[in-house]
Structure formats: structure tokens, C-alpha cells
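Below, each chain spelled out in residue letters.
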There are 2 protein chains.
Amino acid sequence: MARSANVLGDGWILLVMRQACLGTRRFEDFQRLLGIGRNILTIRLNRLVDEGMFAKVEYQQRPVRHEYRLTDKGREVYPILAAMAAWGDRWLTGPEGTPLVLHHTACDHEMHAVVVCSECAEPLDVREIQAKPGPGFPRRRKQTSSTDS
Amino acid sequence: MARSANVLGDGWILLVMRQACLGTRRFEDFQRLLGIGRNILTIRLNRLVDEGMFAKVEYQQRPVRHEYRLTDKGREVYPILAAMAAWGDRWLTGPEGTPLVLHHTACDHEMHAVVVCSECAEPLDVREIQAKPGPGFPRRRKQTSSTDS
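What you see is a predicted model; the values in this text were computed from it and never measured. For every chain, the first residue of the written sequence is number 1, and numbering continues from 1 onward in sequence order. Chains and ligands are labelled by the order in which they are written, letters from A for the one and numbers from 1 for the other. The predicted nature of this model means local features are confined to residues of pLDDT at least 70 and side-chain atom pairs, given and counted, to a pLDDT of 80 or more, with totals for whole chains, interfaces and linings taken over all residues.

Trainee: What is the right way to read the sheet that holds strand S4 (residues 109-111) of chain A from this model?
Mentor: One key point about sheets: their strands pair by backbone hydrogen bonds, in either a parallel or an antiparallel sense. Strand order in the open sheet formed by 3 strands is S4(A)-S3(A)-S6(B), and the pairing between neighbours is antiparallel. The open sheet has two edge strands with one neighbour each: S4 of chain A together with strand S6 (129-133) of chain B. Strand-to-strand twist in this sheet, taken as the mean axis angle between neighbours without regard to direction, amounts to 40 degrees. Relative to S6 of chain B, strand S3 (residues 100-104) of chain A is paired through 5 bridges, and the arrangement is antiparallel. Residue pairing for S6 of chain B: leucine 102 of chain A is matched across the bridge by alanine 131 of chain B. Between any two strands, pairing holds if DSSP finds at least two bridges. For the purposes of this entry, the term helix denotes a DSSP run of H or I that reaches at least four residues, the term strand denotes a run of E that reaches at least two, and both are numbered from the N terminus. Helix axes use the C-alpha atoms of the stretch in contact, all axes being lines fitted to C-alpha atoms, and the angles between their N-to-C directions lie in the range 0 to 180 degrees.

In C-alpha cells, the structure reads:
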């Protein structure tokens, strides 16, 4: 989670990713639709390319123009954004109602995201989760490790 | 999503929330476990109290001491963090493996978070989602609205 937070813990990154998930690919469109400064947008787009979440692809040669396409890694951020939207609809929405309605073409229903357990498919409740150090837990490796410092 | 990003699009906010979900409640514990400066932590804790995600509760009178307890609104951020962790495990983890293993006490299995459709329970894929303006869509209200500007 800490590593994910390092990438996703930025408001503009989340908004650029959301916009990409809505189909936006071009610099000028991101800028116009998000109302974001060119420098701020450039930094975020470069970051997302560096992180492998966008592929920068030439779509025109004279003059050279690029667009930003979601990679598989980027596309799989969408469920996180959908979970954020569901939380926002529940806790941040006033009497005006939800800003965006989501339609699932796979089942042809209006829907919202639900985060469930991979094993029992029940919605997650933090009071039913225990976290324990895994093999990649930082700085507290097994006592037998010769790489401890 | 934009409103959620306004609250959650901050790396320290995400890490403080994650730590709270692991059971941390006290200022000194947040500071020690996150390795975060006092000023930075104070700003984040105050923000989370203001947003109604933490309740600041007195647990000792002489001297007065407070702790920060997750509210329902704060607790329901956990599934978002779990979805981020699952994405991180899939896309950011090297050969060392996952840093944290999650155990679901409700079903007694090691598990990861999956984001699914509320209607058909299938995992979400952005290519199967259509978003359309809902009643609270900003700045492009219905033409008949007398509050248009």
C-alpha cells in the first residue's frame, strides 16, 4: 500500500488517470477537461509514462504529435478509482446526487464498485482483516537473513 | 471521484489512514511508525478530523491526551486502501514478494481485495464501464435549471 500511495497519493495523478479512463488521450484534451496548468500536467504525464501506466505513442508525424494510452498497469488502476467514487457517493455527496452514473455494459446495469474478498466474495470490513508481514516486508527480514543491517 | 481525490490524493493521508486501519490511534505512535514530521502529521490528523474520518477522543485527563479513532466514514476508506495494495502487489512488487499478507477472519483465508460490480459481482474492467452525467454533475446542469450561470 505504501508503494501504491507513492504513485497514487497525488490529486492530479488521480484526476489524470480518471480522465484517461473516460477515454482522454491527448495533452490538449487533458488540459482543457481538467483545467490544469501545462507544467503541472506535463509533470504528471511524464510520471505516468515513467511508471509504465501510460504509453506515449506518436499518432501524427508532421508535425509530430503524441497521445497517452493506458497500459494494462494503468488500466488496472480503474477499479481503485471506481472504489473511491463509490466512497465519495456515499460520504461526500449532498442532496444534488452523484456527479457520474456508471453503467456496466457487461451486465447492462447501473452500478457502483464494491471491494470484496478474493476468497469468499464478501465486502471487506477493516475489522475483519488481519495484516501480517509478508516475504517483502521492509527492514524486518527474517533473523536468518545475511543481508540484515 | 474528483471529490474523493481531493481528500485521498495525498500520500501522507493515505499512509495515516492505512496506519489507523492497522490499529494505530495515538499521535506518538503514528509519528514513530510512519517516520513522519510532527508538523506534517498534525496537518494530516487535523484534516482527517475536519473531514469526519477521525474522531478526536480524550483518553486521559492529567495531562490531557487525545487519540484518533476511525469513524464509519474513515473505516470505509479501508477497501480503497486494500484495492491499492492489491494493485501494488500485482504491479509494483519485485521478487521479494508482498510486504503484507492479509487474512480475512470472516472466512479464515489469506486473501486480496477485488473490486467488483454491485449488480453482477464480476470484477470491473474499465473497457466495460460507461460513465454518464448524474444529477450532481457539476456546471452542466439541465438546460431547464434556473440556476445555470
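Trainee: Help me understand the packing of helix H2 (residues 11-21) of chain B against helix H3 (residues 27-34) of chain B in this model?
Mentor: A packed helix pair is summarised by two numbers, namely the angle formed by the two axes and the spacing between the axes. All names here are of chain B. The N-to-C vectors of H2 and H3 enclose an angle of 115 degrees; their axes lie 11 Å apart at closest approach. By the angle between their axes, H2 is roughly perpendicular relative to H3. Both H2 and H3 take part in a crossing whose hand is right-handed. Counting all contacts with H2, which are made through Leu15, Val16 and Gln19, the residues of H3 involved are Phe30, Leu33 and Leu34. Residue polarity is assigned by list, with Asp, Glu, Lys and Arg as charged and Ala, Val, Leu, Ile, Met, Phe, Trp, Tyr, Cys and Pro as nonpolar; anything else, Gly included, falls into the polar class. Taken together, the residues of the contact of H2 with H3 break down into 5 nonpolar, 1 polar and no charged. Here is the rule for angles: anything less than 35 degrees is roughly parallel, anything more than 145 is roughly antiparallel, 65 through 115 is roughly perpendicular, and the remaining ranges are oblique. Less than a right angle of anticlockwise turn of the near helix away from the far helix marks a crossing as left-handed, whereas a clockwise turn marks it as right-handed. Residue pairs are scored as contacts if the distance between their C-beta atoms, which are placed from the backbone, is within 7 Å.

Trainee: Even after reading the chapter, I still don't get the pairing of strand S1 (residues 54-60) of chain A, so can you show me in this structure?
Mentor: Two faces make up the sheet, and in a regular strand the side chains alternate between them. Residue and element names in this part refer to chain A. Two elements, S1 and strand S2 (residues 65-70), share 6 bridges in a ladder whose sense is antiparallel. The residue of S2 that forms the bridge with glutamate 58 is histidine 66. Taking the residues between adjacent antiparallel strands as the criterion, S1 and S2 are bridged by 4 residues.

Trainee: So what exactly am I meant to see when it comes to the relation of the copies chain A and chain B here?
Mentor: In this arrangement, two copies of a chain are superimposed by a rotation about an axis accompanied by a shift along the axis. Least squares is used to superpose the copies, and the fit set is the C-alpha atoms of residues whose pLDDT is at least 70 in both copies. At an RMSD of 0.0 Å, chain A and chain B line up after a rotation of 180 degrees and a shift of 0.0 Å along the axis. Interpreted geometrically, this transformation is the action of a two-fold axis. When the interface residues of chain A are mapped onto chain B, 100% of them again lie at the interface, so the same face is used by both copies.

Trainee: Explain the sheet that holds strand S3 (residues 100-104) of chain B to me, please; I cannot follow it from the model alone.
Mentor: Spatially, the 3 strands line up as an open sheet ordered S6(A)-S3(B)-S4(B), and their pairing is antiparallel. Each having just a single partner strand, strand S6 (129-133) of chain A together with strand S4 (109-111) of chain B make up the two edges of the open sheet. For this sheet, the mean inter-axis angle between neighbouring strands, taken without regard to orientation, is 40 degrees.

Trainee: Mind showing me how you'd approach unusual backbone geometry here?
Mentor: The general pattern is negative phi for most residues beyond glycine and trans for most peptide bonds. Residues and elements named next belong to chain A. In the segment running from arginine 62 into proline 63, the intervening peptide bond is cis, with an omega of -5 degrees. Residue position: proline 63 is located in the loop between S1 and S2. Despite not being glycine, aspartate 108 shows a phi value in the positive range, around 60 degrees. Topologically, aspartate 108 is positioned in the loop between S3 and S4.

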